[in-house]
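The residues making up each chain are set out below.
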Amino acid sequence: MQFQAILSNPTHPEYGIATISFPLPMEEYDHSMEVLEALGIGDAVRQDCKVGEITACYPVLKRLEGQLVNVDELDYLAKRLDSFCKEEDNQFQAMAEKLDLTDIKDFINLTFCCQQATVITDFSNLEQIGKKHYLHLNEGTITTEDLENLDGEETARLLIDSGAGVVTPYGVVYDNGMELEPLYFGGTFPSYLYDAHPMVLEASPLSGLEDARNITFLNLPMTDKQLERALTRGGIEDMDQVYFNIDSIWVEKLDSVPDLEQESLTALNEMCRAIAFHQHNDLLKLSAAITLAQPQSASQVKYLAENLDLFDFIPKVKTLEEYGRYMIRESGHFEYDDDLEGFYDYEGYARQRMSQEQGRFVEEGYISYQGAMRLEELMASSPEQGFQMGGMQ
């Protein structure tokens with residue numbers, strides 16, 4: 001769910017206000033930062049934005065009104081909440097009310113543990129209340145058989161009779177011993193993948209590798225401003241004194257690109273930006289194209305992603321027979337006649353086509369290159385990244 005925050009400069013209210021919608025889409029991030037910079041606020045680290053008003057589907061966030069926040073903290077909180085289901089919404093709001101939270105760091109930390117609490121908004125179905133409570137107590141790790149055998153009504157009555165419930169505007173909440181663990185201290189954010197990203201990097205200053213709190217998670221692609229601000233939050237200024245580790249790769253075939261960990265941060269970000277432009281079906285095609293073209297660098301993968309229209313891709317086709325059958329019956333290139341089914345030589349036609357094109361069967365299906373120059377020449381002509389922000393160490 002989105003919410004809007006009206007932000008201002010606490011020392012210069014005469015500068016005006018900015019109304020920002022959260023979470024911030026990547027394509028709107030830079031502009032939003034420019035709007036805040038015009039008011040003299042929006043620092044990458046400092047809490048310099050005064051919250052005048054929050055309009056949200058989360059009334060409890062009004063507790064932040066009048067507080068100083070950091071804009072990236074507000075964005076991170078919004079992204080965490082945007083993934084919540086209705087039950088988690090109730091757990092978050094009820095526990096924030098019970099704990100009397102007003103600091104945004106506490107709100108962020110609460111998103112990681114509020115699921116342990118039980119919130120009752122309707123007492124009419126004790127059986128369901130008891131079973132949900134038991135799930136919360138066991139963090140969802142309970143077998144179906146155990147849940148079916150559980151006397152939910154008795155469990156609910158024991159909970160209610162315990163007197164541990166606290167009445168809030170969001171229901172009666174039982175904390176179940178939940179503790180607000182400080183996963184976020186300020187600075188770098190805990191790892192959290194809001195959108196699907198082609199790659200996640202871990203960046204740490206060489207001087208602080210032993211402290212997990214120094215890890216800056218970079219969910220690539222990011223805008224240049226996002227990247228700069230994230231590194232600043234992690235206290236990273238000298239790119240030659242940073243350790244990078246590829247934490248996860250969404251497009252698995254990127255694992256086949258040699259020495260990817262030696263690439264510059266700029267090259268990896270540009271590669272991921274080109275990949276992220278594509279939808280799911282095109283990502284399958286890109287994986288197949290990577291197997292066919294065997295790119296040797298991030299810039300070559302980027303070049304492939306930007307030129308996928310030079311490739312034909314047929315998902316799930318794995319044999320000559322299947323390829324020929326698809327081309328004759330489904331591609332639209334021919335007028336197929338059911339009465340002639342027994343006379344079509346699907347395998348022979350497929351073999352003839354493959355002798356005239358650069359193509360092969362891969363895990364994803366059949367991929368073929370249809371460009372004017374040879375595939376080897378295409379890959380050799382791909383531009384290399386010029387500006388380097390620092391190599392992977």
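Analysis parameters
Residues numbered from 1 in each chain as written. Predicted model: local features only at pLDDT ≥ 70, side-chain atom pairs only at ≥ 80, totals over all residues. Heavy atoms only, no water. Helix = DSSP H or I, 4+ residues; strand = E, 2+ residues; numbered from the N terminus. Rg over C-alpha atoms; globule rule 2.2 N^0.38 Å. Buried < 20%, exposed > 50% of the residue type's maximum accessible area, 1.4 Å probe, protein only. Areas by Shrake-Rupley, 256 points an atom, 1.4 Å probe, with all protein chains shown as cover. Lys, Arg positive; Asp, Glu negative; His and termini not counted. Charge placed at Lys NZ, Arg CZ, Asp CG, Glu CD. Pairing = 2+ DSSP bridges. Axes fitted to C-alpha atoms, helices over the stretch in contact; angles between N-to-C directions. pLDDT = per-residue confidence, 0-100. Contact = heavy atoms within 4.5 Å. Parallel < 35°, antiparallel > 145°, perpendicular 65-115°, else oblique. Nonpolar A, V, L, I, M, F, W, Y, C, P; charged D, E, K, R; others polar. Left-handed = near helix turned anticlockwise from the far one by under 90°. Disulfide = S-S within 2.5 Å. Polar contact = N/O pair within 3.5 Å; in protein donor to acceptor, adjacent residues only side chain to side chain. Phe/Tyr/Trp six-rings, centres within 6.5 Å; stacked < 30°, edge-to-face > 60°. Lys NZ or Arg CZ within 6 Å of the ring centre and 35° of its normal.

### Section: the overall build of the protein chain
Across its full length, the protein chain carries 14 helices and 13 strands. For the protein chain, whose C-alpha radius of gyration is 27 Å, the value lies well above the compact-globule estimate of 21 Å for 393 residues. Residues classed as buried in the protein chain amount to 46% of the 393 residues present. Surface exposure of the protein chain reaches about 19900 Å², of which carbon and sulfur atoms provide 47%. Charged side chains in the protein chain number 28 positive and 70 negative. The centres of these two groups are separated by 2 Å.

### Observations regarding the pairing of strand β7 (residues 171–174)
Successive side chains on a regular strand alternate, one facing one side of the sheet and the next facing the other. With 3 bridges joining them, strand β5 (residues 118–120) and β7 adopt antiparallel strand pairing. Bridge pairing links Thr118 to Tyr174 in β7. Where strand β6 (residues 166–168) meets β7, 3 bridges bridge the pair, whose relative direction is antiparallel. Of the residues in β7, the one forming a bridge with Val167 is Val172. Connecting β6 to the next strand, β7, in antiparallel fashion are 2 residues.

### Describing the sheet that holds strand β11 (residues 311–315)
Ordered by their spatial adjacency, 3 strands build an open sheet running β11-β13-β12, and the pairing between neighbours is antiparallel. Among the strands making up the open sheet, the edge pair consists of β11 and β12 (358–362). Neighbouring strand axes in the sheet, compared pairwise and without regard to direction, differ in orientation by 10 degrees on average. Both β12 and strand β13 (residues 365–369) contribute to a ladder of 5 bridges, which runs antiparallel. Looking across to β13, one finds that Arg360 is bridged to Ile367.

### Brief notes about the confidence of the model for the protein chain
Predicted confidence across the protein chain gives a mean pLDDT of 89, with 94% of residues reaching 70 or more. No element of the protein chain has a lower mean pLDDT than helix α6 (residues 144–149), at 80, and none a higher one than helix α4 (residues 104–110), at 98. pLDDT under 50 marks residues 385–393. Its contacts with residues more than four places away, or in other chains, come to 37 contacts.

### Quick word on the environment of Val119
Tracing the backbone through its elements, the reader meets Val119 in strand β5. Residues Val119 and Lys105, spaced 14 residues apart in sequence, show a C-alpha to C-alpha distance of 23 Å.

### Notes on the packing of helix α5 (residues 126–137) against helix α7 (residues 152–161)
Each pair of packed helices can be described by the angle between their axes along with the distance between the axes. The geometry of α5 relative to α7 is characterised by a closest axis approach of 6 Å and an angle of 75 degrees between their N-to-C directions. Relative to α7, α5 is oriented roughly perpendicular. Taking contact as the criterion, the partners of Leu126, Glu127, Ile129, Gly130, Lys131 and His133 in α5 are, on α7, Gly152, Glu153, Thr155, Ala156, Arg157, Leu159 and Ile160. Looking at the contact of α5 with α7 residue by residue, the class counts come to 5 nonpolar, 4 polar and 4 charged.

### Some details on the sheet that holds β5
Sheet architecture is open: 3 strands sit in the order β5-β7-β6, paired in antiparallel fashion. Of all the strands in the sheet, the pair left with one neighbour each is β5 and β6. Strand-to-strand twist across the sheet, computed as the mean angle between neighbouring axes with direction ignored, equals 30 degrees.

### What to know about the packing of helix α9 (residues 265–276) against helix α11 (residues 298–306)
It is at 8 Å that the axes of α9 and α11 come closest, and there the two elements cross at 20 degrees. When the axis of α9 is compared with that of α11, the two are roughly parallel. Two packed elements cross with a definite hand, and for α9 against α11 that hand is left-handed. Facing α9, whose interface residues are Ala267, Leu268, Glu270, Met271, Ala274 and Ile275, α11 presents Ala298, Val301, Lys302, Ala305 and Glu306.

### Section: the state of the cysteines
Such a bond, covalent and formed between the sulfur atoms of two cysteines, is termed a disulfide. Under the definition given, this model contains 0 disulfides. The cysteine Cys85 is free of any disulfide, with Cys114 supplying the nearest cysteine sulfur at 9.3 Å.

### Topic: the side chain of Gln91
The residue Gln91 is located in helix α3 (residues 86–98) in this model. On the accessibility criterion, Gln91 (2% relative accessible area) is buried. Within the structure, the side chain of Gln91 is placed 3.5 Å from the side chain of His136, a separation counted as a polar contact. Those residues in contact with Gln91, other than ones at most four positions away along the chain, are Cys114, Gln115, Ala117, Val119 and His136.

### Focus: the packing of aromatic side chains
Within the structure shown, the criterion is met by 11 aromatic pairs. Centre to centre, the rings of Phe3 and Phe22 are 5.8 Å apart; their planes meet at 35 degrees, and the pair counts as tilted. Linking Phe3 in strand β1 (residues 3–8) with Phe22 in strand β2 (residues 17–22), this pair joins segments that are 19 residues apart in sequence. A relative accessible area of 2% places Phe3 in the buried class. Look at Tyr76 and Tyr192: their rings are 6.2 Å apart centre to centre, the planes differ by 80 degrees, and that puts the pair in the edge-to-face class. Here Tyr192 lies in the loop between β7 and β8 (199–205) and Tyr76 lies in helix α2 (residues 71–82), a separation of 116 residues in the sequence. Exposure remark for Tyr76: the relative accessible area of 8% places this residue in the buried category. In this structure, Arg80 is placed above the aromatic ring of Phe112, and the distance from its NZ or CZ to the ring centre is 3.7 Å. Stacked on the ring of Tyr192, the Lys or Arg Arg80 has its end atom at 4.7 Å from the ring centre.

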